[in-house]
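# Examining the three-dimensional arrangement
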Amino acid sequence: MTYSPHGKHLIAGQWHSSSQVFQSRVLTGEAFSFYSADVELVEQAVQAAEQAFNEYCHSSRQQRANFLRAIADEIEVRGDEITHIAAAETGLPDARLIGERGRTCGQLRLFADHILTGEYLDRRHDKALPDRQPLPRADLKMIQRPIGPVAVFGASNFPLAFSTAGGDTASALAAGCPVVVKGHPAHPGTAEIVAEAILAAIVRCDMPMGVFSLLQDSGESYVVGQSLVQHPMIKAVGFTGSLRAGRALFDLCVQRPDPIPFFGELGSINPMFFLPHAVADRGKSLAQGWAASLTMGAGQFCTNPGIAVMLEDTKSDEFVSSIAQELKTVSSQTMLTDAIAEGYRQGKSRLEALQLLQPIYCTDSLERQASPNLYKVNAETWLTNPDLAEEVFGPLGIVVMAKDLTDMLAVAQSLEGQLTCTLHMDEEDYPSAQRLMPILERKAGRVLANAFPTGVEVCDSMVHGGPYPASTNFGATSVGTMAIRRFLRPVCYQDIPDALLPAELTHLD
Ligand code: NAP
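Figured I'd write up the structure that's included with this text. Because the structure is a prediction, the values reported are computed rather than measured.

The contact between helix α9 (residues 276–295) and helix α10 (residues 314–328) brings their axes to 8 Å, and the two run at 35°. Both α9 and α10 take part in a crossing whose hand is right-handed. Contacts between α9 and α10 involve Val-279, Ala-280, Gly-283, Lys-284, Leu-286, Ala-287, Gln-288, Trp-290, Ala-291, Leu-294 and Thr-295 from the former and Lys-315, Ser-316, Phe-319, Ser-322, Ile-323, Glu-326 and Leu-327 from the latter. Grouping the constituent residues of the contact of α9 with α10 by class yields 10 nonpolar, five polar and three charged.

Moving on, we come to the packing of helix α2 (residues 61–77) against helix α4 (residues 94–117). Here α2 crosses α4 at 170°, and the two axes come no closer than 8 Å. The pairing of α2 with α4 is recorded here as roughly antiparallel in orientation. Facing α2, whose interface residues are Arg-61, Gln-62, Arg-64, Ala-65, Leu-68, Arg-69, Ile-71, Ala-72, Asp-73, Ile-75 and Glu-76, α4 presents Arg-101, Thr-104, Cys-105, Leu-108, Arg-109, Phe-111, Ala-112, Asp-113, Ile-115, Leu-116 and Thr-117. Considering only residue class, the contact of α2 with α4 consists of 11 nonpolar, three polar and eight charged.

We now examine the nonpolar core. Among the nonpolar cores identified, the biggest contains 58 residues, and Phe-67, Ile-71, Ile-75, Phe-212 and Phe-487 are the most heavily contacted of them. Per-element accounting of this core gives the leading share, 10 residues, to helix α6 (residues 188–205). Sequence-distant contacts of Phe-212, that is, excluding residues within four places in its chain, are made with Leu-10, Ala-12, Thr-164, Thr-169, Val-179, Val-181, Ala-195, Ile-198 and Ile-202.

Across its 20 residues, α9 extends only 24 Å between first and last C-alpha, which sits more than 12% below the 28 Å expected from 1.5 Å per residue. Along its length, α9 reaches its greatest deviation from straightness, about 95°, at Arg-282. The complete set of buried residues in α9 reads Ala-278, Val-279, Gly-283, Leu-286, Ala-287, Gly-289, Trp-290, Ala-291, Ser-293, Leu-294 and Thr-295.

On to the packing of aromatic side chains. Tallied over the entire structure, the rule returns 10 aromatic pairs. Here the aromatic rings of Phe-158 and Phe-301 are separated by 5.7 Å at their centres, their planes lie at 50°, and the arrangement is tilted. Note that Phe-158 is positioned in the loop between β7 (150–153) and α5 (167–175) and Phe-301 in the loop between α9 and β13 (307–311), a separation of 143 residues in sequence. A single burial state applies to Phe-158 and to Phe-301, both of which are buried. By way of ring pairs, the aromatic residues Phe-153, Phe-239, Phe-250 and Phe-262 are connected into one cluster. We note Arg-96 situated over the ring of Phe-158; from NZ or CZ to the ring centre the distance is 4.9 Å. The residue whose ring lies beneath Arg-486 is Phe-263, and the NZ or CZ to ring-centre distance is 5.8 Å.

Reading the values: the criteria
Residues numbered from 1 in each chain as written. Predicted model: local features only at pLDDT ≥ 70, side-chain atom pairs only at ≥ 80, totals over all residues. Heavy atoms only, no water. Axes fitted to C-alpha atoms, helices over the stretch in contact; angles between N-to-C directions. Helix = DSSP H or I, 4+ residues; strand = E, 2+ residues; numbered from the N terminus. Left-handed = near helix turned anticlockwise from the far one by under 90°. Contact = heavy atoms within 4.5 Å. Nonpolar A, V, L, I, M, F, W, Y, C, P; charged D, E, K, R; others polar. Parallel < 35°, antiparallel > 145°, perpendicular 65-115°, else oblique. Core = buried A, V, L, I, M, F, W, Y, C linked by side-chain atoms within 4.5 Å. Buried < 20%, exposed > 50% of the residue type's maximum accessible area, 1.4 Å probe, protein only. Expected span 1.5 Å × (residues − 1). Bend = angle between axes of the 7 residues up to and from the residue. Phe/Tyr/Trp six-rings, centres within 6.5 Å; stacked < 30°, edge-to-face > 60°. Lys NZ or Arg CZ within 6 Å of the ring centre and 35° of its normal.

Purely geometric numbers; function is a separate question.
Shown next as C-alpha cells:
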C-alpha cells in the first residue's frame, strides 16, 4: 500500500493549507506538493499548544503512557506505507527504515514504561518542624513539573527516530509538554503520515487536540524555525542537525527577552584511540570494524567515527593498509539530500585544499552518491591545524599518527566536545588507557571500550550529548529515558494544602 500525501499542516486536530507550496524531492516514484508554513501558522500552532498545556500538564501518567503506546501502535499500523514513502524521500534502504521504525516505537513505549514508575518525578518531602529552634521549618515538597510547549525540529538523517514522533517528541509528550514539530523538507511525506498516526492516537486517547502540531516547511527561508524558537509561549527546543544551524537557533533562544533552553545535538568527529597492543593483536578485525562503522548509512550518523588516533609503528601502517583494503570493497551509497551530498564533497575539498593530509584511499562522489575517503596525518600537524578537526558529514576518515603516548595525550587534550570517544585496547594497554580516561571523560558524553560508536542503545543509562559543540547543553541527553529531564523543571511547594497540590504530590510521606 502506498500513501498519497495531501501536503497540509496539522494544527490542533485540523489539516491546514497555506499560500506557499513546495515539491518533495523524491529519489523514486511520484513527487508531491506540500504547503510551506508561515508566521501566522506558527502562531496558531503555538497558541493551540499553550491551550492544550493547561489540560495536558494535569493528565495522569497512565493517560500519557496510554497515549505514547497508542502513537507507537498507530505508527505500526501504517508501517509499510511509512517505509515506502520514507525510502522514496530519503533513499535509505527499507531494512534501515524498518529498524528505525522499530526504534521509534520502542522509544515511545520505553517512555511510557518510564513515566509509570514515577521515579523521574524525583519527589521530595521535608516535613514541617514547627518546634525547631531558633526557627521553625515549613512543610516543603518538591516535584518535577512539565515546562510548557516544546518546539522540535525534524532531523534530515533520522526521518523517524529523530523527527515527527522521534525521541524529542516522545520525551516531551511523556513529560507532559505539547509539541510543535517543524518538519524537515527532506521528508515531508514521512512527517505527514507519522502526524496522521499521532492524530489517530490523540483521538483514540481523548487527548487535547493542540498537544501536537506539525508545520511543513520548504526550507527556503528560516522564517518558520526562527519564529517558532522566538515565540514567547515556546519553553524549550529539541534539535538535531548542523553546528551552523544549531548555533544560529541557540543564539536566538538566548537572545529572547526570556531566554529558553535549546537542546541542540550538533554532531561530532567521535575520535577513537587505538592502543598498540590491540593494534598488534587484532589490527585486521579492528580495521574491518572501523571501515564498517565509518561507512554505515553513508556515514550520515552523528556518532560516525571519523578520527582514529594511533602510535606510529609498522603495525599501525599495516592497520592503515587494511582499512584502505576494506574501504575499497564499499560501494557508493545514496545520501539523504542533494545538499548533504554537496556538503560532503565540499568538506573533502576543504580538507584537501589545506594540503596537510596524506591521501590513503580517495574517491570521487558524484551527484547524490557518497564513496569513502581515508587520509593520514601526523599528530604534530593535527595539533597545529584545528581546521582538520571540523566534522565532514559522510564516510570520510582521518588517521592521526602519534609519536608516543605524550603525543596521543596531547591529541586527546586538544579535542572539542564530542558525543563519543572510544578506546581500543588490550589488558597490556591499560596503563596508557588510564592516562587517557580522565581526559576523554571530560570531552565526551559516552566513552566506549573495544566497540564502535554507531548504533546508540535507547535505554536508561544512555547519554547522547556532550560538551559543546557536540551539544548545546552538556547536562542533557537526546537519547534514552534521561531525555525527559530536558522538559521538566523542579517546583517546590511550601505549606501548600493538599487540595492545591499536583495530584502526584498529595499523600507524600
Ligand atoms: P541543518 O542545516 O542543520 O538544518 C536543520 C534545520 O535547521 C532545518 O530545518 C533548517 O531549516 C534549520 N536551519 C538551518 N539553518 C538555520 C538558521 N540559520 N536559522 C534557523 N534555522 C535554520 O541540517 P540538515 O539540513 O539536516 O543537513 C545539513 C548538514 O547538517 C549536513 O550536511 C550535516 O553536516 C549536518 N547534520 C548533522 C547531524 C548531526 O550529526 N547531528 C544531523 C543532520 C545533519 P529549513 O528547513 O528552513 O532549512
